[in-house]
Amino acid sequence: MVAPPLIENSPPAERRPASGSELAALSVPAVLEALGTDANAGLPEAVAQGRFRTVGPNEMTKRAQVGPWIILLRQFQSTVVYLLLSASGISVLTRDYLQAAAILAAVVINAFVGFLTELRAQVSLQALQVLSGPTARVRRGGHEKVLPARDLVPGDLVILEAGARVPADVRVVQSAALRVDESALTGESVPVDKAVERIPDQEDSTLLFQGSLVAAGRGHGVVVATGDATRLGRLGRLLTETVSTRTPLEEKLEELGRQLTVLTILICAVLAAVGVWHKEDIWMMLETSIALAVAAIPEGMPVVATLALAVGTRRMVKARALVRQLAAVETLGCTTVICTDKTGTLTANQMVVTDLVLCRRHLKVSGDGYRPTGDITENGTPIWLPEDRVLVDLMKAVALCNDAHIENHHGTDIWHVHGDPTEGALLAVAGKVGLAHEALLDKYPREAELPFDLGRKRMTTIHSSADGTWVAYTKGSPETVLAVSTSVRTQDGQERLTIQDAQWIKNWNDELASQGLRVLAVAMRSLPEAPVCVDVDNVEKDLTFIGLVAMSDRPKRGVNDAVDKCRRAGIRVVMLTGDQPATARAIAQELNILDPGESEEAVLTGSQLDKMSEPKLALALKKARVLARVTPEMKLTIVRALQSDGEIVAMTGDGVNDAPALRQANIGVAMGRAGTDLAREASSMVITDDNFSTIVKAVEQGRIIYANIKKSIAYLLTASLASVLTIAVAVLTDIGLPLLPLQLLWLNLIMHIFPGLGIVLQPGDRGTMSRPPRRAQERLLSAAVQQQIWMRSLVVALAVLGAIELERCLGCGRVELTTVGFATLSMSLLFQAWAWAGWGARSPAVAKTAVFGSPMIINMCVSYGLLIIAIYWPALQAVLQTTSLGLREFGVVLGVSAISFALTALLSVLMRRRKS
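Residues numbered from 1 in each chain as written. Predicted model: local features only at pLDDT ≥ 70, side-chain atom pairs only at ≥ 80, totals over all residues. Heavy atoms only, no water.

Caption draft 1: Here's a closer look at the overall build of the protein. Secondary structure assignment for the protein yields 36 helices and 28 strands. Sorting the 916 residues of the protein into buried and exposed places 55% on the buried side. Taking the contacts inside the protein whose residues are at least 6 apart along the sequence as the reference set, 72% of them involve residues at least 24 apart. (Helix = DSSP H or I, 4+ residues; strand = E, 2+ residues; numbered from the N terminus. Buried < 20%, exposed > 50% of the residue type's maximum accessible area, 1.4 Å probe, protein only. Contact = heavy atoms within 4.5 Å.)

Caption draft 2: Molecular detail of the sheet that holds strand 23 (residues 572-576). As summarised here, the arrangement of the eight strands in space is 8-28-27-26-9-23-25-24, forming an open sheet in which the pairing is mixed. Two strands in the sheet have a free side with no partner beyond their single neighbour: strand 8 (321-323) and strand 24 (603-605). Going from strand to strand, the sheet's axes swing by 20 degrees on average, the running direction of each strand aside. By the bridge criterion, four bridges tie strand 9 (residues 337-341) to strand 26 (residues 649-653) in an arrangement that is parallel. Paired with V337 across the two strands is V649, which belongs to strand 26. The strands touched by helix 22 (residues 581-590) are strand 23, strand 24 and strand 25 (626-628); relative to strand 25, the strand with the most contacts, the crossing angle is about 150 degrees. (Pairing = 2+ DSSP bridges. Axes fitted to C-alpha atoms, helices over the stretch in contact; angles between N-to-C directions.)

Caption draft 3: Here's a closer look at helix 19 (residues 499-514). Here helix 19 spans 22 Å end to end across 16 residues, near enough to the 22 Å set by a 1.5 Å rise per residue. Residues of helix 19 that are buried: D501, A502, I505, N509 and L512. Seen end-on, helix 19 carries its buried residues on one side only, within an arc spanning 100 degrees. Of the exposed residues in helix 19, the ones pointing more than 90 degrees away from its buried face are I499 and Q500. Buried residues along helix 19 sit against strand 10 (347-358), helix 18 (478-483), strand 19 (485-490), strand 20 (493-496), strand 21 (518-527) and strand 22 (543-555). (Expected span 1.5 Å × (residues − 1). Arc of directions from axis to C-beta.)

Caption draft 4: Broad picture of helix 2 (residues 28-35). Most of helix 2 sits inside the fold, with six of its eight residues counted as buried. Among the residues making up helix 2, those that are buried are V28, A30, V31, L32, A34 and L35. Count one or two residues on from helix 2 and you reach G36, which has phi positive near 65 degrees.

Caption draft 5: Structural detail: the side chain of D420. Turning to its location among the elements, D420 is positioned in the loop between strand 15 (415-418) and helix 16 (421-431). For D420, the side chain forms a polar contact with the main-chain nitrogen of T422, separated by 2.8 Å. Look past the residues within four positions of D420 in its chain and what remains in contact with it is R179, P191 and A404. (Polar contact = N/O pair within 3.5 Å; in protein donor to acceptor, adjacent residues only side chain to side chain.)

Caption draft 6: Structural context of the nonpolar core. One finds M575, M685, F692 and L825 to be the most contacted residues of the largest nonpolar core, which totals 118 residues. Counting residues per element, this core draws most heavily on helix 28 (residues 692-732), at 20 residues. V365, L394, I406 and I546 belong to the second largest nonpolar core, which has 40 residues in total. (Core = buried A, V, L, I, M, F, W, Y, C linked by side-chain atoms within 4.5 Å.)

Caption draft 7: Spotlight on the packing of helix 28 against helix 31 (residues 783-809). Orientation of helix 28 relative to helix 31, taken along the N-to-C sense of each, is 45 degrees, at an axis distance of 8 Å. Relative to helix 31, helix 28 is oriented oblique. Relative to helix 31, helix 28 is oriented so that their crossing is right-handed. Listed contacts from helix 31 to A714, L717, T718, L721, A722, L725, T726, V729 and A730 of helix 28 are V785, I789, W790, R792, S793, L794, V796, A797, V800 and L801. (Parallel < 35°, antiparallel > 145°, perpendicular 65-115°, else oblique. Left-handed = near helix turned anticlockwise from the far one by under 90°.)

Caption draft 8: Inspection of the packing of helix 32 (residues 814-837) against helix 34 (residues 854-872) at higher detail. Two numbers describe how helix 32 lies on helix 34: the axes approach to 11 Å, and their chain directions differ by 175 degrees. In this view, helix 32 runs roughly antiparallel relative to helix 34, as classed from their interaxial angle. Every residue of helix 34 that contacts helix 32 at T819, F822, A823, S826, M827, L830, A833, W834 and A837 is listed here: M856, I857, M860, S863, Y864, L867, A870 and I871. When its residues are assigned to classes, the contact of helix 32 with helix 34 shows 14 nonpolar, three polar and no charged. (Nonpolar A, V, L, I, M, F, W, Y, C, P; charged D, E, K, R; others polar.)

Next comes the structure, spelled out in structure tokens:
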């Protein structure tokens, strides 16, 4: 059925042109009729102008991004922040403005850091516009012209040639050896063929997509979709629809904040009831409530957590991982599944020749990328080229029958290909035996050619030489080259191609293809003189078969080891690719992602996934290791299905097609060198060396940072709970306030940050990658840790009250008593920081490194210095209402603190023994 043509005078709401996919299924005349376009003259100018007014420019709609003010307000959406703001408000009511300002300072510092981080992490859809190309060659009203790409409308006739960027979604109406690089969209490194008629087993072979690049050939196409209606535009919509989920740490901290809020309200309510019962002054009870709120909330917790993640980002930069969002550091530590794009992530995105098959011989080729260095060996022995005439002919053939060229970048060791990557790989292997492309062309200039086409699946070039002889070289699919070959090249010259020889070659072709390699056949024909007529029938016949050339997109260095480390760490690696299932399985086995004997359920195809409901998909993905024939929309669905099953998903990729899934994943990891701008901007982290093994290093750092954050939070909660218990017991026993609110704020916001930072700066246990990832549902603090917090807090609180009562008996006044309480609480908690630093160490050596490492020593010295300044510096004495302590008072502080530390150490040992 022919799609309805565009109706220029109909209202926009009623006007619905056929979609690009609908038009792709039609014949060329039907497409031109549906769009009102002439195959030679193009779209009439008046019609194009009217259509532009109706359809609009060929640009994607700019979605409204969240403004800076909204981002800033988000930083205050936390239970702990609400509690702090309430305490600050009460301080204002009691006219204690200094205290209110100090509490607000804690909130503002944390909000400022979070604001800057999220503002940088916003995804800019402008990166998509770069791919659309600035201009386009079109034919309108019978005239060829160059227009801005934004002025294109459906029906425009676009002229395409090698090197041009496709400016919109285009239906091919004329083609000559047209090949298109769609790697920016699909991630696949090999250009795909495009033609007027659909190519069997190749979807979308009649469509060119906006953002792709014409690699070879030429053609004409009619625009079928512009702006948001293009494939690129749909990817942009997917990107804006994805939702970034909260990290496990953020959820755990929010849960902890709610618990602290309930605890604070409960304690304040009890104390208020006691105060009413004893007929206490209401303002005194308000002051007590503020002191409790300040004591209960570890104001330094969000700051220390943020600083810990910032430290993690610095460490990862050294490991060549650039973190765009601080929370990504922690998320990596609990990652359970890594969904990774194959091309450019696991593999180098460069075709490399690995195998050569000559008559009754199999050779191996070494080397990386397009660099023309490496060895060719037979049974492990390097080949001496001058004596191997068959290999010489094969190398001459692949270099001369070639339209690409390779070069190194400004004299460096980095090589690039200009043209088809497959042909670049052939030039590189010829260079490995000393045959330079330019030198060969000088010696054997190309006189004529038969370009590649989809019907023949071959290309042939004809060359002359100084001695007056001519030779034709042919390369193409093994089936078609064998079909026109009658002889085979051997060391003795050429022999008749027997049925046995042909079958032997076919068997090798099947074997190499089953390994995921791309295989080409090469043949030649000697001509005594220049051919009279250069056509297929006269040239491509009676060929002499030379050999097979097999190539692949090789794994990057270190990928196999990185995959093995992921396995040991309990992280499942799932490869997503557009390859055929057989090819994907072979590559996955080479990368150690898939074991040779693994079940068929480990490899799923896109068509299988499309038929599954979400519950069935999540179940199938539990066993999957390889997903073949995957589209961008499927990648997003896969990530969501894994997340619905409780997995913490890291998604790696580099193409535009990966951006929505990168955004949706718990952590998106983009490639820095080969990655597109959009992929990098949609990600949480960028691997600057494009090496998969760097992700494993980042995971290790994420686990270490998370473990350190847990110990730091345990210490901060110990400090807060000790403060709460000290005040609560003192009020309930009618001793009076042992510490003032500003003193508690100084402890929580200033002094405790440094011991907490010392803990999070620890290098960590390097055996962390031998353990499975933590469960997303795992509590931030285990039952054992919570018991330790309560035990240590109670002992410290009793020690503080004991020191105060001892000094009261010795005749000290109120200022001296609060100073002794402040100093004893500070010193006791600093002792507890040492204890928490070594908590959970798997060996004495690890504990020693944690406790006596330079980060802990430096930060603890800073804290001791702050304590001395708070007690003895007159300026701070006036603010904190402290006084200088004499030798006796300070001796009491130090002695009581040491006793409390020894007691908690003893109780800790007894608790562990009882548990075991």
